Amino acid sequence: MTDKPKNADMLPSSEVMASAPDRLFAEPRERINDFNFGTETAAVFDDMLDRSVPFYGEIQRMIGELAGDFAADGSSIYDLGCSTANTFLAIGTNLTPDLNVKFIGLDSSEEMLRKAGQKLASTRFPWPYELTHKDLNEGVQIENASVALMVLTLQFVRPLNRESLISSLHRGLNHNGCLILVEKVLGEHTTFNRLFINHYYEMKKRKGYSEIEIAQKREALENVLVPYQLDENIRLLRRCGFHNVDVFFKWYNFCGIIAIK
């Protein structure tokens, strides 16, 4: 591994087009529908991530560094659930423009992909990229990958489909390639789980969310976000062939895991 200078050709993140403020759940609703990643969510998603994911900027920085450590010349970098391409930009700051890699982003939301394309174009992203509409529950085939990413994505894949999905990523990774997984997780004990969730909601309040916003979003996510315990995710990775697995980030009920093929 060698030190990689930051890419000076890309605009700094502060100049990337700003997201609208997240007020999706600010007004009381008579009926709470399941959370989705459509037009309304995509419009505020970057603000939502920054205010809803603890240490979101630091997590992205760490992902960028780790992906930069494994990105191999002539290979592809896959982001499954790429949303608005924040992770591609984070990785880009750790690569040299002459590195021959291709970025491939998959997402189930066409609106997220549209915003991702706009963001990559506006920042003069110097590597070839491909953004594809894909429901991960239908399965994914990747190839010649040095890095695969699932950043707050696997938790939205139906549990029945997770093992086959992770197995397909393992097959498509090159030798010594890595899978980077960031997930919301359950505590190992009900007491831990209760405390961690309480402190998470306290963080959201510090970020400006009201009680009603927190409660309504929690209800909207109830049927679509199904978290595992940390050790369940690690066992899943090992079952799928990843024998070298470690945790690179942990904050209450959020974790980052890296696995090497």
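Everything here concerns the structure above.
Residues numbered from 1 in each chain as written. Predicted model: local features only at pLDDT ≥ 70, side-chain atom pairs only at ≥ 80, totals over all residues. Heavy atoms only, no water.

Caption draft 1: Just the state of the cysteines, in detail. All told, the structure shown has zero disulfides when counted by the stated rule. Free cysteine: C178, not disulfide-bonded; nearest cysteine sulfur from C255 at 15 Å. The structure places no disulfide on C240, whose sulfur is separated from the nearest cysteine sulfur, that of C255, by 16 Å. By relative accessible area, which is 7% here, C240 ends up buried. (Disulfide = S-S within 2.5 Å. Buried < 20%, exposed > 50% of the residue type's maximum accessible area, 1.4 Å probe, protein only.)

Caption draft 2: Inspection of the pattern of salt bridges at higher detail. One pass over the structure, following the stated rule, counts eleven salt bridges. Note that K134 is salt-bridged to E138, the shortest N-O span being 4.0 Å. Among the residues examined, K134 registers a relative accessible area of 26% and is labelled partly exposed. E138 gets classed as exposed once you look at its relative accessible area, which sits at 61%. For E211, the salt bridge is made with K205, and the minimal N-O distance between the two is 2.8 Å. You can call E211 exposed: its relative accessible area is 54%. (Salt bridge = Lys/Arg side-chain N within 4 Å of Asp/Glu carboxyl O.)

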